[in-house]
Amino acid sequence: MAFDAIVIGSGMSGGIAAKELCEQGLKVLVLERGYDIDPAKDYTDMKMPWEFPDMNMVPQEEVERDYPVQSQCYAFNVANKHMWVKDSDHPYTTPEGKPFTWIRGYHTGGRSIMWGRQTYRWSDIDFEANKKDGYGVDWPIRYADIAPWYDKVEEFIGVAGTYESLPQLPDGKFLPGWELNDGEKFLKAAVEAKFPGRKIIIGRNANLSEARPHHEELGRGPCQNRSICDRGCSFGAMHSSLTSSLPAARKTGNLTLVTNAIVHAIIQDPATGKATGVRVIDRVTKVGKTYEAKVIFLNASTIPTATILLQSANEANPRGLANGSDQVGRNLMDHMYALSTAGILPGAPMDSYYKGRRPTGIYIPRYRNVTEDSDGYVRGYGYQGGAMRMTGKGMAGGPGTIGAEFKEGMHKFGPWMTFISGFGEMLPNPENRVTLNPTKKDQWGMPLPHVDCAMGPNEHKMVKQIMADGKAMIEAAGGKVIAQASEPGPLGLGIHEMGTARMGHDPKTSVLNKYNQAHEVPNLFITDGAAMTSSACVNPSLTYMALAARAAHHAVQFLKEGKI
Ligand SMILES: Cc1cc2nc3c(=O)[nH]c(=O)nc-3n(C[C@H](O)[C@H](O)[C@H](O)COP(=O)(O)OP(=O)(O)OC[C@H]3O[C@@H](n4cnc5c(N)ncnc54)[C@H](O)[C@@H]3O)c2cc1C
Ligand code: SF4
């Protein structure tokens, strides 16, 4: 079967690529390795808490057997267990003593169904960083190249936020932002007074604070503030491929979605160098099939995208497709994560409390190497967090409190508690790498990915300051630190893996050009996290989507001009 375009992967970036290509009139085939999620059946956001067994915790025996990696993610629970891969079905290898916690979902929509929806633009500070300090290669684009595509994606998906005029965190096309609560306002006032270069703002999030007509046309409604988004959202109030970009693509009449189709390799015509199609293996029957198209978009997410390129080695390219530079699989990055500091704020207003929930928290944009110097490292970090009144068991009295006293205690509001958790930028390092395991294969006969990744000296230096600053900011508000992480979480757990097929000016040192087009395969575009040349410190998914929309536009133009 022949299509104009094939998009590999239906997740965050594949969804936007498919939408844009379909809207420009191309007949598009989306290939998804996982099963087809049916919101009516598979979303569990309409269930009551007591409908989930074991207080919504997956039994330990099952965790150890099937989910030893996925269960490390904060969002994994009984209600959404079916949205994570079974580690027992999808093994990968890491070197002894170098864990990489690879968090995944194989189904329509990929991880866009489970994501935390924190949505930020990168700035020129990020796009210029590699060139300025010499780590990695220079980005072939700057903020001005991607800004209109940020606009387009933000308007389409719906991003709530406030206008702050910060050079390191450009404003966008926002829906009204959620509000800081009184504890957060108190923390903000104290931190900004003591550290004038730091700001505390409401986290920008892809939840519809207001549904605009183009959202409603897709069946999306405003957010109900339930904060159970990782179970899927029946209101379509959070952006996911499933309720947003794929329905928009479908509306054009140009979309074909095939699930259970594991892409094994991209086929290249040795005469022209162009990709002609892909080979897939049916997940269930294990039967092979080939699909053809004029353009291929590879959006399987960072690690699978690298493995598909490596598996697509052919006679002319024994190291893998588009890999003349030997950069495919290299420069794997994630954000340093779980660098949390928690404290009590005795000075915050005790006559106010807030009720209900909110689908975002606070954000402290990067200030190191922007408004404040660093202690001997390049790049920087931001914090995500929040403040809340202490309630529940913590207020119910000490051990042995029972009956009416316990019940009364459960209704009390205690002091304000805050936590702020650092997300640090990781440098590109060619030794941090995805390769194919030379001997071990999965049940479909494909080599297991081998992930070899570690933090370097710059990251270790930054961690120290993330922790020290976290403490100093809580103390600036008269707070008392009650808990602090001693080390970052394992790599992978930031769930922002990126960088294995980077963009760059030079085909000798990069895989993709400034249009996300493979230097060596003109009709192959890669617009997931693999394309990233550096990692910034903000959440990356908006940038993947903006790059996908931009590349789709150029791919259609090149096709029309007969260039690919
Ligand atoms: C709990 C959680 C919280 C997060 N919070 C945030 C956040 O707040 N902000 C943010 O920016 N990011 C966040 N992320 C990360 C975000 O989800 C990812 O950056 C994003 O989904 C990556 O997009 P992608 O298109 O590269 O991959 P995915 O969305 O993972 O989609 C890849 C798709 O490709 C399919 N696929 C893989 N291999 C093949 C193959 N061989 N053949 C066919 N199909 C294949 C997969 O099944 C999947 O559907 C979070 C993630 C999680 C899990
Ligand atoms: S909080 Fe909003 S986006 Fe999240 S599940 Fe509820 S309605 Fe949907």
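Use the structure listed above.
Here is a short report on the structure shown in this document. (Residues numbered from 1 in each chain as written. Chains lettered and ligands numbered in written order. Predicted model: local features only at pLDDT ≥ 70, side-chain atom pairs only at ≥ 80, totals over all residues. Heavy atoms only, no water.)

Bringing the nonpolar core into the picture now. Generally speaking, soluble globular proteins have nonpolar side chains that are buried together. Counting residues in each nonpolar core, the largest one holds 161 residues, and the members touching the most others are I266, V278, F297 and L524. Here this core gets 12 residues from one element, more than from any other, and that element is helix α12 (residues 541-560). The residues touching I266, leaving out its near neighbours within four places in the chain, are I8, A275, G277, V278, I296, L298, I308, S312, L321 and L524. (Core = buried A, V, L, I, M, F, W, Y, C linked by side-chain atoms within 4.5 Å. Buried < 20%, exposed > 50% of the residue type's maximum accessible area, 1.4 Å probe, protein only. Helix = DSSP H or I, 4+ residues; strand = E, 2+ residues; numbered from the N terminus. Contact = heavy atoms within 4.5 Å.)

Turning to the packing of helix α1 (residues 12-23) against α12, a few remarks are in order. For the pair α1 and α12, interaxial distance at closest approach is 8 Å and the crossing angle is 30 degrees. The angle between α1 and α12 falls in the class roughly parallel. Once α1 is placed against α12, the crossing between them reads as right-handed. Contacts from M12, S13, I16, A17, E20 and L21 of α1 reach α12 at S541, Y544, M545, A548, A549, A552 and V556. In the contact of α1 with α12, the residues fall into 10 nonpolar, two polar and one charged. (Axes fitted to C-alpha atoms, helices over the stretch in contact; angles between N-to-C directions. Parallel < 35°, antiparallel > 145°, perpendicular 65-115°, else oblique. Left-handed = near helix turned anticlockwise from the far one by under 90°. Nonpolar A, V, L, I, M, F, W, Y, C, P; charged D, E, K, R; others polar.)

Moving on, we get to the pairing of strand β13 (residues 416-424). Side chains on a regular strand alternate between the two faces of the sheet. The element β13 is extensively covered by neighbouring structure, given that seven of its nine residues are classed as buried. As judged from the eight bridges shared by strand β10 (residues 336-345) and β13, these two strands associate in the antiparallel manner. Directly across from L339, in β13, lies its bridge partner G422. When strand β12 (residues 381-389) meets β13, the two strands line up antiparallel, connected through nine bridges. Directly across from G382, in β13, lies its bridge partner F423. (Pairing = 2+ DSSP bridges.)

Ordered in space as β5-β11-β12-β13-β10-β16, the six strands form an open sheet in which the pairing is antiparallel. Every interior strand has two partners, whereas the edge strands, β5 (201-202) and β16 (480-484), have only one. Of the strand pairs in this sheet, β10 and β16 are connected by four bridges, and their pairing is antiparallel. When the bridges of β16 are listed, T341 appears paired with Q484.

Turning to the site of ligand 1, a few remarks are in order. Surrounding ligand 1, one finds 38 residues, the nearest of these being S13, E32, R111, G116 and Q118. The contact in question runs from an oxygen atom of ligand 1 to an N or O atom on the side chain of R111, over 2.8 Å. Within the backbone of R117, one N or O atom sits 3.2 Å away from an oxygen atom of ligand 1. Burial of ligand 1 by the protein amounts to 97% of the accessible area it has alone, namely 990 Å². (Near = heavy atom within 4 Å. Polar contact = N/O pair within 3.5 Å; in protein donor to acceptor, adjacent residues only side chain to side chain. Areas by Shrake-Rupley, 256 points an atom, 1.4 Å probe, with all protein chains shown as cover.)

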